[in-house]
Amino acid sequence: MHSFVDRVVLHVRAGDGGHGCTSVHREKFKPFGGPDGGNGGHGGDVVLEVDQNVHTLLDFHYRPHAKAGNGKGGQGSHKNGATGQTLVLKVPNGTVVQTRDGERIADLVGVGTSLVLARGGRGGRGNAALANAARKAPGFSELGEEGDTIEAVLELKSMADVGLVGFPSAGKSSLIAAMSAARPKIADYPFTTLVPNLGVVSAGDIAYTIADVPGLIPGAASGKGLGLDFLRHIERCAVLAHIVDCATLEPGRDPGSDIDAIEYELEQYGGLSDRPRIIVLNKVDVPEAKDLADLVAGDLAKYGWPVYRVSAAARQGLPALSYAFAELVEEHRRSQPPPEPTRIVLRPPSVDDSGFTVVQDDDVFVVEGHKPERWVRQTNFSNDEAVGYLADRLARLGVEKALARAGAQTGALVRIGAQEFEWEPTDPDVAAMTGPRGTDARLDRSERLSASERLEARKARRRAFEDSGAENAESPE
């Protein structure tokens, strides 16, 4: 079992919002205390944050499911529910967040960089927050919304300045062990390195990181060997170093052919052609290897890259190589543009943006939009007053007029979010547009008068009767 994991599928769910409370204040000598139901708390978010002490995605390999805390429900006496606890997941520097389809969500580079991967659901409002001049004591409250559910792919791309590439057993791990405090596994058989190794090297005042990947072989870019799984770890490197084994006894291999084979795989992988290269002829402490290095030195000049002869085992030539790496790394750092200051960009919707659309799916009219869908999720459809409140909000937003313009008639099937119902317009003007031919709901005024309107009408008729002075006339009551 290996402790290095650089790709995982993470299943996260943000917390659900708490339900609002429906409550009426009750106190001695205060029979009409009014509504006092509190709001529900918002659900907790799921946040990814770069931590310098995390170097692998191993924790998510064993625990791929994560959930934030739910918001608490509101209570009477204007007590709002507690907000759900935010879940912060620590990830290594250089983590790329993608969808299952390969769409990049974020590239987390830099300690402290964070991303809200899943947002918690909004808490529902209590009946105290829903009270107004027309509805002084609402008998309903809003439901809390569900939190986001996301499946994300996390990929780790090591943040190293120098990347070592080469055939298996070329001495890459030995070179890292000789130049830094890293202690990778070293053995005398191919593919000893199964995971990328990182080390920190200091050359004068310059400190940089150096990394190797498992040995590359012809066909690595297409999945042969271990190269395809770990080539991503050299994508961010400023310098690439070809580590060439001058003491190999394999037939048909020589420094030039090794470099050509590795360069072909890097070209097939793509995106690495602009990185400066250094050729490192390793194991020159072996007499035959030293003779080979002297022999091919002239042939390697065709690449136009600096050539260094070193021995990781005998620690020969390492200071000069270390300073050469440092010089190229520092040159790369100076060429990078300065970081731009963080800007908050506000993109308000246009003034004519209604916030929803109406499309027809067979015989069903589908209303799509953030506001109407959220309002439907917050509505308790077992409460008639809550349903009426939803109808009023949709009418004020213009949904009914949009349905009428789309050709919907009274009784048509309308779907908003997960709810589907038969449409009964509440706006009289819209009802007149969608009713049967030869009818107009606006003429049926008596059925639509509220109790207060009927009372005012009765008072007006009585005043008119009294002002007429017709003592023997029949009372309007």
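Residues numbered from 1 in each chain as written. Predicted model: local features only at pLDDT ≥ 70, side-chain atom pairs only at ≥ 80, totals over all residues. Heavy atoms only, no water.

## Comments concerning the overall build of the protein
- Scanning the protein from terminus to terminus reveals 13 helices and 18 strands.
- Counting only residues that meet the buried cut, the protein has 41% of its 477 residues in that class.
- Counting contacts in the protein only where the partners sit at least 6 residues apart, residues at least 24 apart contribute 71% of the total.
- Here the protein displays about 26,600 Å² of accessible surface, and carbon together with sulfur accounts for 50% of that area. (Helix = DSSP H or I, 4+ residues; strand = E, 2+ residues; numbered from the N terminus. Buried < 20%, exposed > 50% of the residue type's maximum accessible area, 1.4 Å probe, protein only. Contact = heavy atoms within 4.5 Å. Areas by Shrake-Rupley, 256 points an atom, 1.4 Å probe, with all protein chains shown as cover.)

## Some remarks on the pattern of salt bridges
- A complete count under the given rule lists 22 salt bridges for this structure.
- Residue Arg275 pairs with Asp274 through a salt bridge whose shortest N-O separation is 3.0 Å.
- For Asp274, a relative accessible area of 59% corresponds to the exposed category.
- Between Arg309 and Asp294 there is a salt bridge; the shortest N-O distance is 2.2 Å. Of this pair, Arg309 sits in strand β14 (residues 307-309) while Asp294 sits in helix α6 (residues 287-296), placing them 15 residues apart in sequence. (Salt bridge = Lys/Arg side-chain N within 4 Å of Asp/Glu carboxyl O.)

## So, the packing of aromatic side chains
- For the structure on display, the rule yields three aromatic pairs.
- An angle of 45 degrees between the planes, with centres 5.3 Å apart, marks the rings of Phe140 and Tyr389 as tilted. Of the two residues, Phe140 is situated in the loop between α2 (127-130) and β8 (149-156) and Tyr389 in helix α9 (residues 384-397); the sequence distance between them amounts to 249 residues.
- A relative accessible area of 3% means that Phe140 is categorised as buried.
- Ring plane angle 20 degrees and centroid distance 5.2 Å describe the contact between Tyr303 and Trp305, whose orientation is recorded as stacked. (Phe/Tyr/Trp six-rings, centres within 6.5 Å; stacked < 30°, edge-to-face > 60°.)

## A look at the sheet that holds β14
- Sheet architecture is open: six strands sit in the order β10-β11-β9-β12-β13-β14, paired in mixed fashion. Each edge of the open sheet carries a strand with a single partner, namely β10 (197-203) and β14. Shown here is a sheet whose adjacent strand axes are inclined to one another by a mean of 25 degrees, direction ignored.
- Both strand β9 (residues 162-165) and strand β11 (residues 206-212) contribute to a ladder of three bridges, which runs parallel. When the bridges of β11 are listed, Leu164 appears paired with Asp212.
- The sheet strands contacting helix α5 (residues 255-269) are β9, β12 (239-245) and β13 (277-282), and the helix crosses β12 at an angle near 140 degrees.
- Sheet strands in contact with helix α7 (residues 318-335) are β9, β10, β11, β12, β13 and β14, and its direction is about 105 degrees off that of β11. (Pairing = 2+ DSSP bridges. Axes fitted to C-alpha atoms, helices over the stretch in contact; angles between N-to-C directions.)

## Thoughts on the sheet that holds strand β4 (residues 87-91)
- Taken in spatial order, the three strands of this open sheet run β4-β2-β7, and their pairing is mixed. The strands lining the two open edges of the sheet, one partner per strand, are β4 and β7 (114-118). Strand after strand, the sheet turns through a mean of 30 degrees between neighbouring axes, direction not considered.
- With five bridges joining them, strand β2 (residues 46-50) and β4 adopt parallel strand pairing. The partner of Val47 across the bridge, within β4, is Val88.

## Some details on the environment of Glu420
- For Glu420, the position within the fold is in strand β18 (residues 419-422).
- Taking relative accessible area as the criterion, Glu420 reaches 40% and is therefore assigned partly exposed.
- Beyond its immediate sequence surroundings of up to four residues, Glu420 is in contact with Val364, Leu413, Val414 and Arg415.

## Some remarks on the environment of Ser169
- Its location among the elements puts Ser169 in the loop between β9 and α3 (172-179).
- The partly exposed category is assigned to Ser169, whose relative accessible area is 36%.
- It is 8.9 Å that separates the C-alpha atoms of Ser169 and Thr248, two residues lying 79 residues apart in sequence.

## Concerning the nonpolar core
- Membership of the largest hydrophobic core comes to 25 residues, with the highest contact counts inside it found for Leu164, Leu175, Met179, Tyr208 and Phe325.
- Listing elements by their share of this core, those giving two or more residues are β9, α3, β10, β11, β12, β13 and α7.
- Per-element accounting of this core gives the leading share, six residues, to α7.
- Beyond its immediate chain neighbours, meaning those up to four positions away, Phe325 contacts Val162, Leu164, Met179, Tyr208, Ile210, Ala241 and Ile278.
- Counting 24 residues, the second largest nonpolar core, distinct from the first, contains Val5, Val8, Leu57 and Ala152. (Core = buried A, V, L, I, M, F, W, Y, C linked by side-chain atoms within 4.5 Å.)

## Examining unusual backbone geometry
- Unlike most non-glycine residues, Lys283 shows phi in positive territory, near 70 degrees.
- Given the relative accessible area of 25%, Lys283 is considered partly exposed.

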